[in-house]
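Analysis of the macromolecular model
Below are the chains, spelled out letter by letter.
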Amino acid sequence: MTHDYAPHALDIAAFCKAQLSLTGDNELIEYARVNPEGIALDGGGAQLVCWRAQGRTPKDAAGRDELWLDLHIETAVPQICQRCLQPAMVALEIDRSFRFVADEQMAATLDDVSDHDVLVISRRFDLHELIEDEILMALPLVPRHEVCPVQVRWTVEDADYERAQKESKRNPFAALGDLKKKD
């Protein structure tokens, strides 16, 4: 029997039992939640998400096969540096392992005691959705350059703004004088 191992509809049990692997290079734009603003860097072409998924079936303490998926992801995601407010590339390298179990109750029980993520077996598992989730969770809360490409202003005061404010302020008594002239 031949199985079609498509990343968008993966029979995870058959994939792990056969101890197969899948690899792919997708454009970052295919993962809409990762870069919703469409931030691009000057001169940068399409950003790639390179991934590899490996199924395996180690034995548990009772000698039964467990279903595991090892996932490796490499990419760079354009973000906005929160220090200088310029685009910045955030390089990510993610290595995660997932254990698959029969139902939600078992997944919830094992997830509390395990260092690894525990997911429910699905005959149409969306690997690309899992990749997108992992990228999102790996992104820094506050992205920033190691060294910003522009000088960062460290004060909230701006001399040009202050000068413009002083010039635009009108003496309040001048307004009274204008009223007196109208009469």
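A brief report on the enclosed structure follows. (Residues numbered from 1 in each chain as written. Predicted model: local features only at pLDDT ≥ 70, side-chain atom pairs only at ≥ 80, totals over all residues. Heavy atoms only, no water.)

Moving on to the packing of aromatic side chains. Following the criterion strictly, the structure yields one aromatic pair and no others. Here Phe-100 and Phe-125 contribute two aromatic rings whose centre-to-centre distance is 5.3 Å and whose plane-to-plane angle is 90°, an arrangement assigned as edge-to-face. With Phe-100 in strand 4 (residues 87–101) and Phe-125 in the loop between strand 5 (117–120) and helix 3 (127–138), this residue pair connects regions lying 25 residues apart in the sequence. Pair check on accessibility: Phe-100 and Phe-125 agree, each one buried. (Phe/Tyr/Trp six-rings, centres within 6.5 Å; stacked < 30°, edge-to-face > 60°. Helix = DSSP H or I, 4+ residues; strand = E, 2+ residues; numbered from the N terminus. Buried < 20%, exposed > 50% of the residue type's maximum accessible area, 1.4 Å probe, protein only.)

Spatially, the five strands line up as an open sheet ordered 1-2-3-4-5, and their pairing is mixed. Each end of this open sheet is capped by a strand with a single partner; those strands are strand 1 (21–27) and strand 5. On average, adjacent strands in this sheet sit at an angle of 25° to one another, irrespective of strand direction. Pairing geometry for strand 2 (residues 48–56) and strand 3 (residues 67–80), over seven bridges, is antiparallel. The residue bridging Arg-56 from the neighbouring strand is Trp-68, located in strand 3. (Pairing = 2+ DSSP bridges. Axes fitted to C-alpha atoms, helices over the stretch in contact; angles between N-to-C directions.)

Let us look at the nonpolar core. Nonpolar side chains tend toward joint burial in soluble globular proteins. With 30 residues, the main nonpolar core has Trp-51, Leu-127, Ile-131 and Ile-135 as its most contacted residues. Where this core is concerned, the elements lending two or more residues are helix 1 (12–17), strand 2, strand 3, strand 4 and helix 3. Leave out the neighbours within four places in its chain, and Trp-51 touches Pro-7, Leu-22, Thr-23, Gly-24, Asp-25, Asn-26, Tyr-31, His-72, Ile-73, Leu-127, His-128 and Ile-131. Listed in part, the five residues of the second largest apolar core include Cys-84, Ala-88, Cys-148 and Val-152. (Core = buried A, V, L, I, M, F, W, Y, C linked by side-chain atoms within 4.5 Å. Contact = heavy atoms within 4.5 Å.)

With that settled, consider the pattern of salt bridges. Counted under the stated rule, the structure contains nine salt bridges. In this structure, Arg-33 engages Glu-132 in a salt bridge whose closest nitrogen and oxygen atoms are separated by 3.1 Å. A residue pair is termed long-range when its members are at least 10 positions apart, and Arg-33 in the loop between strand 1 and strand 2 and Glu-132 in helix 3 qualify at 99 residues. A salt bridge links Asp-133 to Arg-33; the shortest N-O distance between them is 2.5 Å. Of this pair, Asp-133 sits in helix 3 while Arg-33 sits in the loop between strand 1 and strand 2, and the two are 100 residues apart along the sequence. Accessibility expressed as a relative area gives 42% for Arg-33, which makes it partly exposed. (Salt bridge = Lys/Arg side-chain N within 4 Å of Asp/Glu carboxyl O.)

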